[in-house]
Amino acid sequence: MQNDEVIWQVIRHKHCSFMAKIETGIFCRNPYNVTGICNRSSCPLANSRYATIREHDGVFYLYMKTIERAHMPNKLWERVKLPSNYEKALESIDKHLMYWPKLLVHKTKQRLTKMTQMRIRMRKLALKTREKIMTTPRKEKKREARREEKAEKAALLEKSIEKELVERLHNRNYDEIYNYPFKEYNKLLEMEEMQLAVVEEKEDEEEPEIEYVEAGDDLEAEDDIEDFGGFVMDHIHTDDDNVGMDEDDEEAEPHSRKRVRKESAAASKKLSRDGSGAKLKKKRVLVEVEREDADGRRKAAQDVA
Amino acid sequence: MAGKRKKSDGEEGGGGEDEPVIKKEKTKKEILPSMIKNKDKRSEIHAKLQHQKKLDKRKRAKARDAAIKRALELGEEPPAPKIPRTIENTREFDETVCMPDDEELFAGNDADEFSSIMNRERTPKILITTCRFNSTRGPAFISELLSVIPNAHYYKRGTYDLKKIVEYANNKEFTSIIVVHTNRREPDALLVMTLPNGPTAHFKLSNLVLRKDIKNHGNPTSHEPELILHGFTTRLGHRVGRLFQSLFPQDPDFHGRRVVTFHNQRDFIFFRHHRYVFETKETKQTDSKGTKTKDAKDKVSQEKIKARLQECGPKFTLKLISLQNGTFDTKGGEYEWVHKPEMDTSRRRFFL
């Protein structure tokens, strides 16, 4: 015969296969449990009159169990479909569980609320795009890593890049060098230094002269200053026969003019002013010149001369 | 009896390996060591075989050396060295490999989605974003990417759908979107989409090394980089190569001497970012004057131009997982190429 108390004692103290004990509490994994907690009043096995809500495919059903059917396990649970409207479902529960203990009714309604909320959330999520987690078998990962390593070794990246760059250099016939051989660059800088020193000396000499000799020396001085600015450019300028007009002897260097480019106009000014070898440290300095300025200055020099 | 029989079989097998002449006679009776059931015997026969092979190899090498020496002494050309067999040499024949004079290819190029960028009608403008959950190495990698690719902008992901992002980018006239996907706190995958309705390529990213982890790294300038695409042989590879090309502006600034390389080897695309310098290898005569480097090469055969590289920027490896026609749409999209595990069965077959 059904004696709930006995059942409960046995289940709780001996063994219940639905019980799950974790740090925070004791839970019941029985699918018919209303609250999910292992309790004297929540255990579907230890209560002959019990009700619960279960869901199938988005539809909620009210399940009820009474003591009259306790001997027929096949027909134990009575199932009622609940309307999808929340309020109507509540009314329906009220109607079916009218004279049942309040606790059970209350718990059933709570469960319905929770499940409704879950249903809404699931529907919303299904509309959003979610990232799908896919598994990669370990074997494949390892195989890929191995193959990648071997491919990298076989690739000889640096060599092929260097080869390609040199090939492009040959094929393109750049009309401007874009990289300056290091030694020549040094030489050039040294020459510039010397020239600057010379020019500065000249300036010092001539300034007192300017006071009493007017036209010729002025022009000379100006010329020098122009050239001071200009010869750096002229140095740099390529197929310019006009450059030959410069009177500085050091100008006519054994090595023909090379194009030197500076990284920026500011840097170029610095270099010409300082004339220092500070840039020597950087191997990769490109010395650039802005053509417009050069042209302008050259023109000015011409006009003056 | 049984022992005797096995011995003779083993010898036959060994004998068959040695002399090709006898092999012909004995092909019917040749037994591989693996067919011998007795472990001791089997290992013995196998060891003998290996030893024999080693001796043969040594003999051959000696003969080759002797021949070369003799040829040099006599003043003739030494016999050409044999070409070692590599995976690239023995690659399976693929009919989609592009030939240099393929009319269809050029026509295809003109009509594809990248042509407008290649013709400089549009300048590349890249939108970089991440997957929803960003991680430790992600931002560092993204900032490096921003420095490598000119005209790239970073936008935070938020929780926008990719499709919405595509719309947004289209409105703002971006040419490509790059999505960096992270997994386990490491950037893991790269999604490159060409807009407006261009192909979407999904790459697996591996072996990422950031700039700060590279020894003696250089700092990139902001000049437009040169691009090197190497090893893209098939049609698919060509398409992927053009995809990369469309990310970078088409007018590189050679003064900047910056080069970005995508090198394809056995379906792995290696990305490298260098700054380079040309140097002439000096010999005694050519202590020269300002000859340009290319003249120098013609002058004396001994003087060579070499390029030297300094690595800057990140380096990583990409592997193509899928190429989809059209923007990102996993459900309804049309895939041009998808990687399936059954494609990995042959070690000599590559798709890019």
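Residues numbered from 1 in each chain as written. Chains lettered and ligands numbered in written order. Predicted model: local features only at pLDDT ≥ 70, side-chain atom pairs only at ≥ 80, totals over all residues. Heavy atoms only, no water.

- Chain B carries the name Brix domain-containing protein in an unreviewed UniProt entry, which gives Morus notabilis as its organism.

1. Section: the overall build of chain A
Part 1: Looking only at helices and strands, chain A has 9 helices and 5 strands in total.
Part 2: When the elements of chain A are put in sequence order from the N terminus, they spell out α-β-β-β-β-β-α-α-α-α-α-α-α-α.
Part 3: For chain A, the proportion of its 305 residues judged to be buried stands at 37%.
Part 4: Sequence separation of at least 24 residues holds for 49% of the intrachain contacts in chain A that already meet a minimum separation of 6.
Part 5: Summed over all atoms, the accessible surface of chain A reaches about 20200 Å², with 52% contributed by carbon and sulfur. (Helix = DSSP H or I, 4+ residues; strand = E, 2+ residues; numbered from the N terminus. Buried < 20%, exposed > 50% of the residue type's maximum accessible area, 1.4 Å probe, protein only. Contact = heavy atoms within 4.5 Å. Areas by Shrake-Rupley, 256 points an atom, 1.4 Å probe, with all protein chains shown as cover.)

2. Description of empty space enclosed by the protein
All names here are of chain B.
Part 1: Under the defined criterion, the tally for this structure stands at 10 cavities of 30 Å³ or more.
Part 2: Around the second largest cavity, the lining is made up of 13 residues, and of these L145, I149, L247, F262 and F316 lie nearest the centre.
Part 3: The set of elements that each furnish at least two residues to the lining of the second largest cavity consists of α6 (137-148), β4 (186-194) and β10 (315-325).
Part 4: Tallied by class, residues from the lining of the second largest cavity come to 13 nonpolar, no polar and no charged. (1 Å grid on protein atoms, 1.4 Å probe; cavity = no way out; pocket = protein on both sides within 12 Å on 5 of 7 lines; lining within 4 Å. Points joined across faces, edges and corners; volume = space filled by probe spheres on them. Nonpolar A, V, L, I, M, F, W, Y, C, P; charged D, E, K, R; others polar.)

3. A short note on the side chain of R211(B)
Residue and element names in this part refer to chain B.
Part 1: Its location among the elements puts R211 in the loop between β5 (200-209) and β6 (226-230).
Part 2: Buried charge without a salt bridge: R211, with E144 as the nearest opposite-charge side chain at an N-O distance of 4.7 Å.
Part 3: At 2.8 Å, the side chain of R211 and the side chain of S147 are in polar contact.
Part 4: Those residues in contact with R211 that sit more than four places away from it in its chain are E144, S147, H217, G218, N219, P220, C312, G313 and P314. (Lys, Arg positive; Asp, Glu negative; His and termini not counted. Salt bridge = Lys/Arg side-chain N within 4 Å of Asp/Glu carboxyl O. Polar contact = N/O pair within 3.5 Å; in protein donor to acceptor, adjacent residues only side chain to side chain.)

4. Some remarks on a nonpolar patch on the surface
Part 1: Together, I22(A), F27(A) and I37(A) make up an exposed nonpolar region whose accessible area comes to about 250 Å².
Part 2: Looking at the secondary structure, you find I37(A) in the loop between β2 (25-28) and β3 (50-56). (Patch = residues over 30% accessible without salt bridge, like charges linked within 9 Å, V, L, I, M, F, W, Y side chains within 5 Å.)

5. Quick look at the sheet that holds strand β5 (residues 77-81) of chain A
Residues and elements named next belong to chain A.
Part 1: Pairing within the open sheet is antiparallel, and its 3 strands lie in the order β3-β4-β5. Looking at the sheet topology across the chains shown, the edges are occupied by β3 and β5. On average, adjacent strands in this sheet sit at an angle of 30° to one another, irrespective of strand direction.
Part 2: Where strand β4 (residues 59-65) meets β5, 5 bridges bridge the pair, whose relative direction is antiparallel. (Pairing = 2+ DSSP bridges. Axes fitted to C-alpha atoms, helices over the stretch in contact; angles between N-to-C directions.)

6. Quick notes on the pattern of salt bridges
Part 1: Evaluated as defined, the whole model comprises 12 salt bridges over all chains.
Part 2: Across the pair K319(B) and E144(A) runs a salt bridge whose closest N-O atoms are separated by 3.5 Å. Separated into two different chains, K319(B) in strand β10 and E144(A) in helix α4 (residues 138-155) make up a pair that spans both.
Part 3: Under the relative-accessibility criterion, K319(B) is labelled buried at 10%.
Part 4: Judged by relative accessible area, E144(A) falls into the buried class, the value being 8%.
Part 5: A salt bridge links R308(B) to E279(B), with the nearest nitrogen and oxygen atoms 2.9 Å apart.

7. Focus on the confidence of the model for chain B
Residues and elements named next belong to chain B.
Part 1: Summarising the model, chain B shows a mean pLDDT of 81, and 85% of its residues fall at 70 or more.
Part 2: Across residues 8-17 the pLDDT falls below 50, and counting only partners more than four positions away or on other chains, this stretch makes 10 contacts in the model.
Part 3: Low confidence marks residues 284-300, where pLDDT is under 50. Its contacts with residues over four positions away, or in another chain, come to 29 contacts. (pLDDT = per-residue confidence, 0-100.)

8. Quick notes on the state of the cysteines
Residue and element names in this part refer to chain A.
Part 1: Applying the stated criterion across every chain, the model contains 0 disulfides over all chains.
Part 2: The thiol sulfur of C28 is not disulfide-bonded, and the nearest other cysteine sulfur, from C38, lies at 5.4 Å.
Part 3: Using a relative accessible area of 8% as the deciding quantity, one classes C28 as buried.
Part 4: Free of any disulfide, C43 has its nearest cysteine sulfur in C28, 5.4 Å distant.
Part 5: Owing to a relative accessible area of 3%, C43 belongs among the buried residues under this scheme. (Disulfide = S-S within 2.5 Å.)

9. Brief notes about the packing of aromatic side chains
All names here are of chain B.
Part 1: With the rule as written, the count across this model stands at 13 aromatic pairs over all chains.
Part 2: Between the aromatic rings of Y155 and Y168, the centroid separation amounts to 6.1 Å while the plane-to-plane angle is 80°, which identifies the pairing as edge-to-face. Of this pair, Y155 sits in the loop between β2 (152-154) and α7 (162-171) while Y168 sits in helix α7, placing them 13 residues apart in sequence.
Part 3: Centroid distance W337 to F351: 5.5 Å. Interplanar angle 55°. Geometry classified as tilted. On the criterion of sequence distance, the pair formed by W337 in strand β11 (residues 334-338) and F351 in the segment after β11 is long-range, its members being 14 residues apart. (Phe/Tyr/Trp six-rings, centres within 6.5 Å; stacked < 30°, edge-to-face > 60°.)

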